[in-house]
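Listed below are the residues making up each chain.
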Amino acid sequence: GAVVSQHPSWVICKSGTSVKIECRSLDFQATTMFWYRQFPKQSLMLMATSNEGSKATYEQGVEKDKFLINHASLTLSTLTVTSAHPEDSSFYICSARPKAGAGFYNEQFFGPGTRLTVL
Amino acid sequence: AQTVTQSQPEMSVQEAETVTLSCTYDTSESDYYLFWYKQPPSRQMILVIRQEAYKQQNATENRFSVNFQKAAKSFSLKISDSQLGDAAMYFCAYSPPTDKLIFGTGTRLQVFP
């Protein structure tokens, strides 16, 4: 149980285009999903927190107009990188936290990540 | 501000031996959770072990155990009988209840046969 999927697993796009990454909780409902960015050999950097049905909360320094997050249902959140540039190339990871009372002790379950390369 | 510090960028251990990874954190909260995550080359984050701050007993999961010192704000991970598959990046993380995870910078563990 507690599986999170991400799609696509990798994507290559041209500079100036937009890319959408999906994060799904497959066997549980997630009231909160998180989006992280990870550069090579570095730790995970939280970009934003999204709660189902409300606007995402972005961390300081993260451009909300560039990284659009939508959490339309209890099992799906999407991250859209708009007008992508080479500096946006990175590994993007989502995680999902089950609804309170599900017995997961505040855990987050992580997706396998999406490697974005912007040419 | 809450911070998590992992002072060992790299560690190595011989197969079947024991290794301890260090983690300290800073918080003014009394109720929180602590986690160790493993990230192998596949980059999938895997939960290794968790500890609730209100529990005095150290958490144990098979070959993995923690030494939780709440007063010292220390949360080390001990891996016993190390295996080649334990080689990975290990991240210590802190979280207040129903809040975001704060990660340390990670420790790369190498396991030699």
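Scroll up to find the structure this text is about.
What you see is a predicted model; the values in this text were computed from it and never measured. Here the residue numbers are simple positions, counted from 1 along each chain's written sequence. Naming scheme: in the order in which they are written, chains are lettered from A and ligands are numbered from 1. Side-chain atom pairs in this predicted model are given and counted only at pLDDT of 80 or more, local residue features only at pLDDT of at least 70, and totals for whole chains, interfaces and linings cover all residues. Excluding hydrogens and water, the side-chain figures rest on all heavy atoms present in the structure.

**Description of a nonpolar patch on the surface**
This is how the line gets drawn: To count toward a patch, a residue needs a relative accessible area over 30% and no salt bridge; like charges are then connected within 9 Å, while nonpolar side chains (Val, Leu, Ile, Met, Phe, Trp, Tyr) are connected within 5 Å. Method for areas: the Shrake-Rupley scheme with a 1.4 Å probe, in which residue coverage is limited to the protein chains shown. Salt bridge, as used here: a side-chain nitrogen of Lys or Arg that lies within 4 Å of a carboxyl oxygen of Asp or Glu. Secondary structure elements follow DSSP: runs of H or I no shorter than four residues count as helices, runs of E no shorter than two count as strands, and numbering proceeds from the N terminus.
Together, A:W10, A:I12 and A:L119 make up a nonpolar patch on the protein surface, roughly 390 Å² of accessible area in all. Inspection of the secondary structure assignment puts A:L119 in the segment after β11 (114–118).

**Some remarks on the sheet that holds strand β3 (residues 19–25) of chain A**
Residue and element names in this part refer to chain A. The following threshold applies: In this scheme, strands are said to pair when DSSP sees at least two bridges between them. The axes are straight lines fitted to the C-alpha atoms, using for helices just the contacting stretch, and the angles between their N-to-C directions are given from 0 to 180°.
Spatial ordering of the open sheet is given by β1-β3-β8-β7, a layout of four strands whose pairing is antiparallel. Because the sheet does not close on itself, it has two edges, and the strands there are β1 (4–7) and β7 (67–73). Between one strand axis and the next, the sheet turns through 15° on average, direction left out of account. Taken together, the four bridges between β1 and β3 define a ladder with antiparallel strand orientation. Residue pairing across strands places S5 opposite R24, the latter belonging to β3.

**Points about the state of the cysteines**
Rule in force here: By convention in this document, the label disulfide applies to cysteine sulfur atom pairs within 2.5 Å. Working definition: with a 1.4 Å probe on protein chains only, accessible area under 20% of the residue-type maximum means buried, over 50% means exposed, and in between means partly exposed.
A full pass over the atoms with the stated rule returns two disulfides over all chains. Sulfur-sulfur distance for the disulfide between A:C23 and A:C94 comes to 2.0 Å. In this structure, the disulfide formed by A:C23 and A:C94 twists by about 80° around the S-S bond and is classed as right-handed. Residue A:C23 is found in strand β3, and its partner A:C94 is found in strand β9 (residues 90–98); the two are separated by 71 residues along the sequence. Relative accessible area serves as the criterion here: at 0%, A:C23 is assigned to the buried category. Between the sulfur of B:C23 and that of B:C92 lies a disulfide, 2.0 Å long from S to S.

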